[in-house]
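Structural description and commentary
Residue strings, one per chain:
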Amino acid sequence: MSVQEENLDDVISSLIDVDEEVDSSTPQPITEDDYQKNELTGEPVTLTERAAKQIEKIKNEESLDENLYLRVAVDGGGCSGLSYKLGLDHRTDEDKIFESHGMEIIVAPKHLMYLEGMQIDYPDGLDARGFTFDNPNAVENCGCGTSFAI
């Protein structure tokens, strides 16, 4: 197995739910009870053109499988309680699929309540570089840019 495949396996395994014994010192998974929104609006998760180009560049430079999609997810933890997760993953039958600037984005239904309407950007300037998240559902954001609270 190549280093690229091992790295991808790490990303994918971090996004997939695994039934494990939970240590009380680790952040607990998010549940619908943690969130106060009563119904979903149906707003898509979108990318800016810059973010879509960066993801395509990563896929091309790493010679990754064309059947991999951008997975956007949420995980418990981070400075503000929840953190964003991005990775390339295979689509499942349960995933909600969005298209933005030619890039297909997949989101597990249980994560959608935290992410709907979010836009992902990739500024590439002197003052900022890397993926950023503009999430209308977040009531608090951490300075690191990858952690938020609902």
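Here, every reference points to the structure presented above.
No experiment lies behind these values; they were computed from the predicted model shown.

With that settled, consider the packing of aromatic side chains. Tallying each qualifying case throughout the model produces two aromatic pairs. Note on Tyr-84 and Phe-133: the rings are 4.3 Å apart at their centroids and 20° apart in plane angle, and the pair reads as stacked. Residue Tyr-84 is found in strand E3 (residues 82-89), and its partner Phe-133 is found in strand E7 (residues 132-134); the two are separated by 49 residues along the sequence. For Phe-133, a relative accessible area of 15% gives the class buried.

Our next topic: the pattern of salt bridges. Oppositely charged side chains can pair when the atoms bearing their charge come close. Per the stated rule, a full pass over the model turns up four salt bridges. The salt bridge partner of Glu-49 is Lys-53, with a shortest N-O separation of 3.3 Å. Here Glu-49 and its partner Lys-53 are both found in helix H2 (residues 49-61), four residues apart, which amounts to about one turn of the helix. Since its relative accessible area comes to 46%, Glu-49 is described here as partly exposed. On the accessibility criterion, Lys-53 (55% relative accessible area) is exposed. With a shortest N-O distance of 2.6 Å, Asp-89 and Arg-71 are connected by a salt bridge. Of this pair, Asp-89 sits in strand E3 while Arg-71 sits in strand E2 (residues 69-76), placing them 18 residues apart in sequence.

This part covers H2. Across its 13 residues, H2 extends 18 Å between first and last C-alpha, which sits within 8% of the 18 Å expected from 1.5 Å per residue. All of the buried residues along H2 are Ala-51, Ala-52, Gln-54, Ile-55 and Lys-59. What you see down the axis of H2 is that its buried residues fit within an arc of 160°, all on one side. Counted as exposed and oriented over 90 degrees from the buried face of H2: Lys-53, Asn-60 and Glu-61. Residues of H2 that are buried in the fold lie against strand E1 (46-47), E2, E3, strand E4 (96-100), strand E5 (103-107) and strand E6 (119-121). Ser-63 lies just past H2 and shows a positive phi near 50°.

How each quantity is defined
Residues numbered from 1 in each chain as written. Predicted model: local features only at pLDDT ≥ 70, side-chain atom pairs only at ≥ 80, totals over all residues. Heavy atoms only, no water. Phe/Tyr/Trp six-rings, centres within 6.5 Å; stacked < 30°, edge-to-face > 60°. Helix = DSSP H or I, 4+ residues; strand = E, 2+ residues; numbered from the N terminus. Buried < 20%, exposed > 50% of the residue type's maximum accessible area, 1.4 Å probe, protein only. Salt bridge = Lys/Arg side-chain N within 4 Å of Asp/Glu carboxyl O. Expected span 1.5 Å × (residues − 1). Arc of directions from axis to C-beta. Contact = heavy atoms within 4.5 Å.

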